[in-house]
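Below are the chains, spelled out letter by letter.
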Amino acid sequence: MRPIRPGDQGPAVAEIRTVLASLELLPAEAGGDDYDAQTERAVRAFQQSRGLSVDGRVGAETWRALDAARWRFGARALYHAVPEPLTGEDVRSLQERLLEMGYDVGRADAIYGIRTSRAVAQFQREMGLKPDGSCGPHTVNALRRLGRKVVGGRPQWLRESDAIRQAGPTLIGRTVVIDPGHGGTDPGVVVPDGTLRWSEADLVHDLASRLEGRLAAAGVRVQLTRGPSPDDCLPDADRAQLANSLGADVFISLHTDGHANPEAEGVATYHYGTDNGVTSATGERLAGLVQREIVARTGLRDCRTHAKAWELLRLTRMPAVRVEVGYLTSPDDRARLVDPRFRDRVVEAIVAGVQRMYLPIERDVPTGSIDVSELRAIVAAGTVVD
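Residues numbered from 1 in each chain as written. Predicted model: local features only at pLDDT ≥ 70, side-chain atom pairs only at ≥ 80, totals over all residues. Heavy atoms only, no water.

> Whenever I open this one, the packing of helix α5 (residues 114-126) against helix α6 (residues 137-145) confuses me. Can you help?
Describing two packed helices takes the angle between their axes plus the distance from one axis to the other. Remark: α5 packs on α6, axes separated minimally by 11 Å, with the N-to-C direction vectors making an angle of 75 degrees. With respect to their mutual orientation, α5 and α6 come out roughly perpendicular. Listed contacts from α6 to Val120, Phe123 and Gln124 of α5 are Thr139, Ala142 and Leu143. Grouping the amino acids of the contact of α5 with α6 by side-chain chemistry returns four nonpolar, two polar and no charged. (Axes fitted to C-alpha atoms, helices over the stretch in contact; angles between N-to-C directions. Helix = DSSP H or I, 4+ residues; strand = E, 2+ residues; numbered from the N terminus. Parallel < 35°, antiparallel > 145°, perpendicular 65-115°, else oblique. Contact = heavy atoms within 4.5 Å. Nonpolar A, V, L, I, M, F, W, Y, C, P; charged D, E, K, R; others polar.)

> What is the right way to read the layout of surface pockets from this model?
Size it by volume and the largest pocket reaches roughly 1,200 Å³. What lines the largest pocket is a set of 37 residues, and nearest its centre among them are Ser53, His182, Asp186, Asp236 and Arg322. At the level of elements, α3 (60-68), α9 (236-245), β5 (250-257) and β8 (320-327) are the ones that each hand at least two residues to the lining of the largest pocket. A total of four residues in the lining of the largest pocket trace back to one element, the largest contributor, which is α3. (1 Å grid on protein atoms, 1.4 Å probe; cavity = no way out; pocket = protein on both sides within 12 Å on 5 of 7 lines; lining within 4 Å. Points joined across faces, edges and corners; volume = space filled by probe spheres on them.)

> Hey, could you run me through the pairing of strand β6 (residues 267-272) in this one?
The side chains of a regular strand alternate between the sheet's two faces. Here β6 lies mainly inside the structure; six of its six residues are buried. Of the strand pairs in this sheet, β6 and strand β7 (residues 302-308) are connected by five bridges, and their pairing is parallel. By the bridge assignment, Tyr272 is partnered in β7 with Lys308. As paired elements, β6 and β8 share four bridges and run antiparallel to each other. Residue pairing for β8: Val267 is matched across the bridge by Val325. (Buried < 20%, exposed > 50% of the residue type's maximum accessible area, 1.4 Å probe, protein only. Pairing = 2+ DSSP bridges.)

> So what exactly am I meant to see when it comes to unusual backbone geometry here?
Trans peptide bonds make up most of the peptide bonds, and negative phi angles are found at most residues other than glycine. For the bond running from Val82 to Pro83, omega is 5 degrees, close enough to zero to count as cis. Unlike most non-glycine residues, Arg304 shows phi in positive territory, near 70 degrees. With respect to the helices and strands, the residue Arg304 is situated in strand β7.

> I'm lost on helix α2 (residues 37-49) in this one. Help?
Turn by turn, an α-helix covers 3.6 residues, leaving residues three or four places apart pointing in a common direction. Between its first and last C-alpha, α2 extends 18 Å over 13 residues, near the 18 Å set by a 1.5 Å rise per residue. Turning to α2, its buried residues are Thr39, Ala42, Val43, Phe46 and Gln47. Angular distribution of buried residues about the axis of α2 spans 140 degrees; they occupy a single face of the element. Of the exposed residues in α2, those oriented more than 90 degrees away from the buried face are Arg41 and Gln48. Residues of α2 that are buried make contact with α1 (11-22) and α3. One or two steps after α2, the chain reaches Gly51, where phi turns positive at roughly 70 degrees. (Expected span 1.5 Å × (residues − 1). Arc of directions from axis to C-beta.)

> Please explain the pairing of strand β3 (residues 196-199) as it appears in this structure.
Two strands pair when backbone bridges link them, and strand β2 (residues 190-193) and β3 are joined in this way by four bridges, in the antiparallel orientation. Paired with Pro192 across the strands is Arg197, a residue of β3. Linking two consecutive strands that pair antiparallel, namely β2 and β3, is a turn of two residues; a positive phi of about 65 degrees is found at Gly194 within it.

> Got a minute to help me understand the packing of aromatic side chains in this structure?
Where two aromatic rings form a pair, the distance of their centres and the angle of their planes describe that pair. The final tally for this structure, using the stated rule, is two aromatic pairs. Relative to Trp310, the ring of Tyr270 has its centre 4.9 Å away and its plane inclined at 50 degrees; by these criteria the two rings are tilted. You can see Tyr270 sitting in strand β6 and its partner Trp310 sitting in the loop between β7 and α11 (311-314), a full 40 residues away along the chain. Of the two residues, Tyr270 and Trp310, neither departs from the other in class, the shared state being buried. For the cation-ring pair, Arg174 lies above Tyr358, with the distance from its terminal atom to the ring centre recorded as 4.0 Å. (Phe/Tyr/Trp six-rings, centres within 6.5 Å; stacked < 30°, edge-to-face > 60°. Lys NZ or Arg CZ within 6 Å of the ring centre and 35° of its normal.)

> Would you explain the sheet that holds β8 in this entry?
One key point about sheets: their strands pair by backbone hydrogen bonds, in either a parallel or an antiparallel sense. In space, the six strands of this open sheet follow the order β4-β1-β5-β8-β6-β7, with mixed pairing throughout. Since the sheet does not close on itself, it has two edges, and those belong to β4 (221-224) and β7, each with one partner. Neighbour to neighbour, the strand axes of the sheet diverge by 20 degrees on average, direction disregarded. Of the pairings in the sheet, the one linking β5 to β8 comprises six bridges and is parallel in character. From the neighbouring strand, His255 faces β8, where its bridge partner is Glu324.

> Whenever I open this one, the pattern of salt bridges confuses me. Can you help?
A pair can form between side chains of opposite charge whenever their charged atoms are brought close. Per the counting criterion, the structure on display carries 26 salt bridges. Between Arg239 and Asp236 there is a salt bridge whose closest N-O contact spans 3.9 Å. One end of the pair is Arg239 and the other is Asp236, both in helix α9 and three residues apart, which spans about a single turn. Of the charged contacts in the structure, one is a salt bridge between Arg297 and Glu293, with a shortest N-O distance of 2.7 Å. With Arg297 and Glu293 both in helix α10 (residues 281-298), this residue pair falls four residues apart, about one helical turn. Each member of the pair, Arg297 together with Glu293, is buried. Linked through salt bridges whose partners overlap, the residues forming this network are Asp206, Arg210, Arg214, Arg343 and Asp344. (Salt bridge = Lys/Arg side-chain N within 4 Å of Asp/Glu carboxyl O.)

Right, here's the structure in full:
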């Protein structure tokens with residue numbers, strides 16, 4: 001869909017204003033179908049609260065988030081529907097409540113899938129309710145009466161950390177999905193440079209191809225979400241679904257950034273997380289490791305790691321990060337990004353970050369110390385370090 005932006009009018013804008021008013025981001029009496037400055041401020045506030053990109057426009061992802069926000073927890077019965085599962089803010093509230101009580105729903109993705117249904121059934125069984133996996137009035141009341149079930153540590157963090165620990169320290173046999181952002185009809189950030197024209201889509205595909213080669217040499221099974229010249233741009237939800245269908249162990253999305261101010265520069269890495277503290281613990285750790293390795297090995301400005309609830313991060317079931325490798329609109333960053341040797345250093349940093357995620361914390365190594373060529377040597381020698 002074409003993003004709805006300031007200055008637009010029509011029924012879609014009226015619907016957006018109605019939802020924003022129900023969330024108390026616009027006055028209750030707000031009406032009309034003009035996308036005015038007040039509506040833009042409300043949209044930005046909504047995007048900020050939901051961990052979305054704050055641009056004041058209603059694109060496909062913001063529209064879906066607004067549609068989901070219509071539902072408040074307890075307003076309707078929730079159940080596992082096939083083939084179209086129930087989605088909404090009420091589902092996410094339920095998942096977050098179950099997570100803080102110690103039940104395993106996986107990621108709080110706002111989708112009432114089989115894992116959420118099983119967690120509800122387990123809760124119902126322990127509460128003496130009919131364990132049918134649906135969330136009706138009795139289950140809602142029971143959830144509201146109870147406090148946290150697990151204290152002294154985040155249960156989801158313990159589960160994710162244990163899964164990484166059980167997997168062992170080597171990269172051999174892992175499946176990594178690499179996502180070069182944009183592509184097809186969406187070139188991403190585009191910057192003319194004399195007679196040349198640099199596009200985000202082309203640069204990140206080159207990065208992805210280099211990363212594919214380094215990881216494959218380390219014994220990793222690698223899948224890219226797109227080729228160099230796809231006909232269409234794959235939606236983020238479809239990219240996440242591809243990673244899920246492949247049973248990927250890690251998902252890495254590569255982008256460059258852009259800004260109207262050419263002095264904006266640096267690298268930032270994103271992981272799944274919400275404004276109320278729910279996060280992917282392993283995704284957060286991977287983001288931190290990748291960020292530190294890139295900064296140490298390239299000298300890019302450290303723009304730190306950030307939690308976001310983008311569909312790309314929310315819908316993936318494995319540790320997932322999105323790396324914004326510099327600003328293509330920055331003359332300094334661009335001069336580095338167009339240098340193949342620099343891109344090789346970025347790739348080595350990402351491989352080192354992924355390797356460190358699988359090392360036990362007590363065996364972690366200093367940032368910048370892993371020699372990626374040694375990982376290739378391990379594969380060549382047919383040995384596995386335990």
